[in-house]
Amino acid sequence: MAESILIYQNATKEAKYKQILPQINALIEPETDRTANLANIAAVLKEVFNPLWVGFYEWKTDELVLGPFQGPIACARIKSGKGVCGKSFEIAKTIVVPDVDKFPGHIFCSNSSKSEIVVPIIRNGEVLAVLDVDSYKLNHFDDVDQEYLEQLANLISNKW
Ligand code: SME
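Report follows, based on the coordinates. Every chain's residues receive numbers from 1 upward, in the order its sequence appears when written. Per-residue local features are limited, in this predicted model, to residues with pLDDT of at least 70; the limit for side-chain atom pairs, both in listing and counting, is 80 or more; totals at the level of whole chains, interfaces and linings are taken over all residues. Side-chain calculation: all heavy atoms of the structure are included, whereas hydrogens and water are not.

Some words on the environment of N139
Its location among the elements puts N139 in the loop between β6 (126-135) and α4 (143-159). To sort residues, take the accessible area from a 1.4 Å probe on protein chains only and compare it with the maximum for the residue type: under 20% means buried, over 50% means exposed, and anything in between is partly exposed. Under the relative-accessibility criterion, N139 is labelled exposed at 56%. Residues N139 and V96 lie 43 residues apart in sequence; the distance between their C-alpha atoms is 9.0 Å. Where helices and strands are cited, they refer to DSSP runs of H or I of at least four residues and of E of at least two residues respectively, numbered from the N terminus.

Comments concerning empty space enclosed by the protein
In this analysis, the protein atoms alone were mapped onto a 1 Å grid. Cavities are point sets where a 1.4 Å probe fits without being able to get out; pockets are open sets with protein on both sides within 12 Å along at least five of seven lines; lining residues have an atom within 4 Å of a point. Grid points are joined across faces, edges and corners, and a volume is the space filled by probe spheres set on the points. Overall, the coordinates contain 1 cavity of 30 Å³ or more when judged by the stated rule. In this structure, the largest cavity occupies an estimated 170 Å³ of space. Lining the largest cavity we find 21 residues, and of these I107, C109, E116, D132 and D134 sit closest to its centre. Elements with a contribution of two residues or more to the lining of the largest cavity: β1 (53-60), α3 (83-91) and β6. No other element matches α3, which puts 4 residues into the lining of the largest cavity. Under the scheme applied here, ten amino acids are nonpolar (Ala, Val, Leu, Ile, Met, Phe, Trp, Tyr, Cys and Pro), four are charged (Asp, Glu, Lys and Arg), and all others, including Gly, are polar. Broken down by class, the residue content of the lining of the largest cavity amounts to 12 nonpolar, 5 polar and 4 charged.

Dropping the structure here:
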C-alpha cells in the first residue's frame, strides 16, 4: 500500500480529484474491511481538500448512523428525510447546499459549517450510505465536486 497520497498542491480542484481517485482505488482495492476503507477515504479527502468535516453515514435498519469521519464530533443518527443527509438518502440524489442557513431542516453539527454537499452511495438502486462534506466557506461546492464525489461514491459502492 502507498504510504501517502501524492498530490500537486497547486493543481486545480479538478486536477486534484483526478489525481486522488486512482490512488483511492488502489488504496481500497486490496482491503476487504469497509470501515477501514471508509476511514482511509475520509482521511484522504481531509488531507487533500481540508474541509471542516468529511465522513460517512451508513444506513442501518431504519436510520443513518455515523461512520468513519474526520472533523469535529457529529450527530450520531439521522432519520430518512431529515437534514441534508436524510434528504439525500430519501431522494437518492446528490444535494449541493450553497448556504446551510437556507436549507430547511439542515442539522447543525458545527456552527462553522457554511456550505455542504451530500452524495448517496447507491448499489442496485438501494442507498447504502451517504458521503457528507462540510465547508467553512459559503458556496464552496460546485459541479466539479459533484461529478468527482459521485465517481468516488461509485467506486465505494462497487466494493460494498
Ligand atoms: N449537516 C448534516 C448533518 C451531518 S453534519 O454536518 C456532519 C445534515 O443536515 O444532514
